[in-house]
Amino acid sequence: MRPQAGVEDVQRVCAKIEALGFRAHPMPGAQRTAIGVTGNPGPIEPAEFESLPGVAEAIRVSKPYKLVSREVKSEDSLIRVGPPQGSPNGGPGSAGASPAPTIPRPDQPESGRAGATPALPGFIVGGRELAIIAGPCAIESREQALEAAERVKKAGARLFRGGAFKPRTSPYSFQGLGKEGLEILAEVRRATGLLIVTETIDPENCDLVEEYADVLQVGARNMQNFSLLKRVGRSRKPVLLKRGMSATLEEFLMAAEYVLAEGNYNVILCERGVRTFADHTRNTLDLSVIPAVKRLSHLPILVDPSHGTGKRDKVIPLSRAAVAVGADGLIVEVHPHPDRALSDGYQSLHPEQFEALMGEITAIARVIGRTTAHAVA
Ligand code: PEP
Ligand code: MN
């Protein structure tokens, strides 16, 4: 749509798409709204739409991932995390991103949900400020989670990670605290104001996780769990979608397409390493995928240097590289006592290492015109 197109112009185009029996996907951006069309069995005549008021152009999308593609939306997507009210980073008057788009979502009352704290400021992923998500692999106890959260907050993290439901290779490994873990996460949010990123492992469990999480994480092992992708696609919460460990870029973007096709346009991609023959790391962190995603898609992409390397000593160097290559942020495992961790201790940073990481990436961010919330002494 043209930048000056009004709400009624957008509605008129959507109504026409729906009248043809297709689905309209309005995706507002900072400058203009893109409207994707799905459900059409063949090409649509562009002239049918180009004559409508407010329409700038009608484009045939050549890519199989239509809604995710930059062809349908040329502007970078800004993904708002947390409550719609409040002034997030990047809101008007701040040095961060341009104002966040208002994204239409199914109605659901904000209040009354477990752990909801409407006074929290939100956070915009994909703006100038890097999205820094940090915390332990798994929530193990109240003390562990709160200690980790205080430390990462002090260093400049805005979002807290921690699994309550863990997809483990062995059925005998720690599987997470389940609902108790989610309740601890709600307490972390109340105590620190950090926004919560936590994993949902199947469509049934999503109902519960959705009540507590600010961002629903879909793990690498579930990247092609299509019923889970459709379920989170019907959620009003943003989704952090991790790349499968053997997924091509096209498969990764098609997985994101599943979520957008259901009407949830708030997807944050995450590169977390892929399987190769290399055995000096747990996975091979494919940083070249960042510029490749940026070229093909409007969605933001983060890097997980913890699972991406599997080794504590490689997390800081790869974090520096991830920021330099243009990632929109990091998700990093930090544990107050990694030697006692119940999962992924060998790749978890000590809190003081995370502080050092924040200092280093803040310096790199400045060079490429980005910021962090790390206070430079
Ligand atoms: C995690 O973030 O703890 C996790 C299990 O990640 P991945 O799905 O990338 O393995
Ligand atoms: Mn982990």
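All of these numbers come straight from a predicted model, not from anything done at the bench.

Undergrad: Even after reading the chapter, I still don't get unusual backbone geometry, so can you show me in this structure?
TA: Most of the time, phi is negative for any residue but glycine, and the peptide bond is trans. Backbone geometry at D344 places phi at a positive 55°, although glycine is not the residue there. Take D344: it is sitting in the loop between strand 12 (329–333) and helix 11 (351–367).

Undergrad: Can you walk me through the nonpolar core in this structure?
TA: Side chains of nonpolar character tend, in soluble globular proteins, to be buried together. Membership of the largest hydrophobic core comes to 72 residues, with the highest contact counts inside it found for F160, L241, V267, L269, L330, F354 and L357. Element by element, the count of residues in this core is highest for helix 7 (residues 249–261), at seven residues. Once you skip the residues sitting within four places of it in the chain, V267 turns out to touch I79, V239, L241, A256, V259, L260, L299 and P300. Among the nonpolar cores identified, the runner-up in size contains 15 residues, and V125, I133, L240 and L302 belong to it.

Undergrad: Where do I start with the environment of K16 in this structure?
TA: Its location among the elements puts K16 in helix 1 (residues 7–19). Here the alpha-carbon distance between K16 and E48, two residues 32 residues apart in the chain, equals 9.4 Å. With residues near it in sequence (within four places) discarded, K16 still touches E48, F49 and L52.

Undergrad: Would you take a moment to explain the pairing of strand 1 (residues 23–28) for this structure?
TA: A regular strand places its side chains so that they alternate between the two faces of the sheet. Counted residue by residue, strand 1 has five buried out of six residues, so it is predominantly covered. Two successive antiparallel strands, strand 1 and strand 2 (residues 33–38), enclose a turn made up of four residues.

Undergrad: Any chance you could explain the coordination of the manganese ion (ligand 2) here in plain terms?
TA: Binding of the manganese ion (ligand 2) to the protein goes through C137 (SG), H307 (NE2), E333 (OE) and D344 (OD), at separations of 2.0 to 2.4 Å. On the primary sequence, the residues serving as donors to the manganese ion (ligand 2) are separated as C-x169-H-x25-E-x10-D. Note that C137 is positioned in the loop between strand 5 (131–135) and helix 3 (142–155) and E333 in strand 12, a separation of 196 residues in sequence. Residue E333 is classed as buried on the basis of its relative accessible area of 0%.

Undergrad: Is there a simple way to explain the environment of R221 in this structure?
TA: Along the chain, the position of R221 falls in the loop between strand 8 (215–218) and helix 6 (226–233). By relative accessible area, which is 43% here, R221 ends up partly exposed. Through-space distance from the C-alpha of R221 to that of T169 is 9.8 Å; in sequence the pair is 52 residues apart. Ignoring sequence-local partners within four residues, the contact set of R221 consists of P167, T169, M245, R272 and R282.

What counts and how
- Residues numbered from 1 in each chain as written.
- Chains lettered and ligands numbered in written order.
- Predicted model: local features only at pLDDT ≥ 70, side-chain atom pairs only at ≥ 80, totals over all residues.
- Heavy atoms only, no water.
- Helix = DSSP H or I, 4+ residues; strand = E, 2+ residues; numbered from the N terminus.
- Core = buried A, V, L, I, M, F, W, Y, C linked by side-chain atoms within 4.5 Å.
- Buried < 20%, exposed > 50% of the residue type's maximum accessible area, 1.4 Å probe, protein only.
- Contact = heavy atoms within 4.5 Å.
- Pairing = 2+ DSSP bridges.
- Donors = N, O, S within 2.8 Å, 3.2 Å for Na, K, Ca; no water.

Interpretation in functional terms is not warranted from these geometric data alone.
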